Each structure stands twice: as C-alpha cells, then as structure tokens.
Amino acid sequence: MAPLTLSVDVKSSSATSPDVSNRKMQSSQLKTRKGFASVNAQQEKPFDFFRTLFEGFIAGGTAGVVVETALYPIDTIKTRLQAARGGGKIVLKGLYSGLAGNIAGVLPASALFVGVYEPTKQKLLKTFPDHLSAVAHLTAGAIGGLAASLIRVPTEVVKQRMQTGQFTSAPDAVRLIASKEGFRGLYAGYRSFLLRDLPFDAIQFCIYEQLCLGYKKAAGRQLNDPENALIGAFAGALTGAVTTPLDVIKTRLMVQGSAKQYQGIFDCVETIVREEGAPALLKGIGPRVLWIGIGGSIFFGVLESTKRTLAQRRPKTVQEPKEE
C-alpha cells in the first residue's frame, strides 16, 4: 500500500502544481500591473508618513531655491512685460531686484508644497483605483498649492512690486504695504493667485507624474535624471502656456497697489480687453513658457535627485521601493 499511496501523492502533487504555479504567476502579473498606477501606494506606518513629509520639505525647498536663483531675471522680464499698460517700455536693469527677499519666501513655500504633496499623493493613490491615479495627482497638486499659497502670495506681492521698481528692499516693501494697505495688502490678488496657481500646480504635477508612469511602463525601468528633467520641462512649458491669461490677471491685481485700477478679477479682464485688446491677456507668454519650461526641467531634476539621495540615507528597516 505504501508504494500506492506514494504514487497517488506524487500524481496529486503533479496535478495541482500547474494550478499553484498559474495562481502565483497571475498574482505576480497583477502586482506588476498595479505597480505603475499606484507605485507609491504602499501601506505606510506613521513613521514613514512623517519621513515622507520631512523629505518632501527638504527636496522641495532645495529645488525651489535652485530654480528661483537660476531663472529670476527671466521672471523679472515677464513681470515687467505683463505690468506695462499699452505700449509702455520695458526696463532691463535690476533684473535680480528682490531676489534675496523672494528666496526667503520661496524656500518655505516650495518646502511646504512638496511636503504636503508627497504624503497626500501617496494616501490618495491608496484610496483611488489604479485607473484614477491622474485624479490623485491632480488633487494632491491642488492641495499642495493651497497650503503653499499662504506663503507664496505675500512673497509674490513683494517680489513683483520690487521687480516693477516700486520698492528697493523686501523689508521696506513689507512695512510700507502693511502701513498703506493693511495686512490685506500683502494678500492682494489672492483669489486671482489661486485661480492661476491651483490649476497650474494640479495640471503640471499631473502631467509630469502621468508621463513618468507611462515612460517607466514602456521602458521597464526607473527614469534617470535627464529623463526626469526633460519630462519636467515639457510639463512646465505646456502648463505655463495654458495658464498665461490667468498669470496676466494675477500680475495686474498684485502690482496695482492702493490705486485700485481694477475692482476684481472680472473687472480686470474687462478693462484689459477694452483698453488693450484680447491679445494683452497673452503678454509675457514667451518669457513665461521659457522660464517655466527651464524651471520645470531644473525643479523636477533636482527634486527627484534629492528625493533619491534622501531615500538612500534611510534606515534599512523603513526603506521603501523606489518612487517615480
């Protein structure tokens, strides 16, 4: 009987092994397919969440400062083009006016944006099904932009007033704006800023993330720094072009000061179109696309490189799979 029993066991094992193998293969394929849409959707412990938050602060702040320093002159020219009414001349002196004060705001704003964006994105990727990963990226980008706006708007107001020659130093700008216009003066154009930046942040990061996922799926490997930079440049340039009219409106409202030439977003649009024509809403589109395209390349290249460096320094017990 023993040989018979052994024979039956062998056959049973032989018969069932293909099924087990198939199930393992299907499970493996399912995990592989899921990885591209929810690459960051791993179950996290609280420590991992705070580490992601901290690394986002560091990576975002680093990328923001590098971009702002490198491209500030182009941003100044763009601002002066948009602020000029009618056929006003553009002054090309003092292109770094206000840089130091602006970096003091850009550093915490960029850190806050990425610090909020990264953990929010990971949480949403766990919540949404794989085919809605774009919604997760859009939503995380908007939430990150909303948080960062609390720092970005006063920084932008001071920067643009200095770029247009209204003030010579950031401390003087803050003091005089607050004294003449009140605390609300530092948040001039806040609604127009949100109208521009929330769609901008959501669209730019969504395009970047989705292109990265598609590229990695096609290539079957992680992206290198030049590839991240190239995708970042495309996402930035495209988003910058689409949101130029919103940027013009935001600039006009922020630099008007106490003169109150415009009574709000709709009055601003109506006045610009009536006095200068519809093409005025595209003022500065060239420098803006150039600035944001190059900026996107630098920002995402530095961001991903910094994130990777920080990930390599994690303790082995909490190290996670590579992110996009």
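Residues numbered from 1 in each chain as written. Predicted model: local features only at pLDDT ≥ 70, side-chain atom pairs only at ≥ 80, totals over all residues. Heavy atoms only, no water.

**A closer look at the overall build of the protein chain**
Along its length, the protein chain carries ten helices and zero strands. Element order for the protein chain, N to C, with α for helix and β for strand: α-α-α-α-α-α-α-α-α-α. Considering only residue pairs separated by 6 or more positions, the protein chain has 78% of its internal contacts joining residues 24 or more positions apart. When the accessible surface of the protein chain is totalled, it reaches about 16100 Å², and 66% of it is carbon and sulfur. (Helix = DSSP H or I, 4+ residues; strand = E, 2+ residues; numbered from the N terminus. Contact = heavy atoms within 4.5 Å. Areas by Shrake-Rupley, 256 points an atom, 1.4 Å probe, with all protein chains shown as cover.)

**Digging into the UniProt feature "transmembrane region" (unreviewed entry) in the protein chain**
Summarizing the sequence annotation, UniProt attributes the feature "transmembrane region" (unreviewed entry) to residues 53-74, 95-114 and 134-153 in the numbering used throughout. For residues 53-74, helix accounts for 100% and strand for 0%, while the C-alpha atoms at its two ends are 31 Å apart. Strand forms 0% of residues 95-114 and helix 80%; the C-alpha atoms that close the span are 28 Å apart. (UniProt positions renumbered as here; feature names shortened; annotations may be inferred.)

**Concerning the packing of aromatic side chains**
What the rule picks out here adds up to ten aromatic pairs. A ring pair is formed by Tyr117 and Phe205, whose centres lie 4.8 Å apart and whose planes are at 55°; its orientation type is tilted. Residue Tyr117 is located in helix α3 (residues 99-127), and its partner Phe205 is located in helix α6 (residues 190-219); the two are separated by 88 residues in the primary sequence. Phe205 shares its class with Tyr117; the two are buried. Aromatic pair Phe183 and Tyr187: ring centres 5.6 Å apart, planes at 45°, arrangement tilted. Judged by relative accessible area, Phe183 falls into the exposed class, the value being 61%. Given the relative accessible area of 24%, Tyr187 is considered partly exposed. Each residue in the set Phe113, Tyr117, Phe205, Tyr208, Phe299 and Phe300 is aromatic and connected to the rest through ring pairs, giving one cluster. (Phe/Tyr/Trp six-rings, centres within 6.5 Å; stacked < 30°, edge-to-face > 60°. Buried < 20%, exposed > 50% of the residue type's maximum accessible area, 1.4 Å probe, protein only.)

**Remarks on the side chain of Thr271**
Take Thr271: it is sitting in helix α9 (residues 265-276). Look past the residues within four positions of Thr271 in its chain and what remains in contact with it is Arg85, Tyr262 and Glu276.

**Examining the nonpolar core**
Phe113, Phe205, Tyr208, Phe299, Phe300 and Leu303 are the most contacted members of the largest nonpolar core, which totals 25 residues. Counting residues per element, the ones that place at least two in this core are α2 (46-83), α3, α4 (133-163), α6, α7 (225-242) and α10 (285-312). Apart from residues no more than four positions distant in its own chain, Leu303 is found in contact with Ala59, Gly60, Ala63 and Val114. Val157, Phe167, Leu186 and Met254 belong to the second largest nonpolar core, which has eleven residues in total. (Core = buried A, V, L, I, M, F, W, Y, C linked by side-chain atoms within 4.5 Å.)

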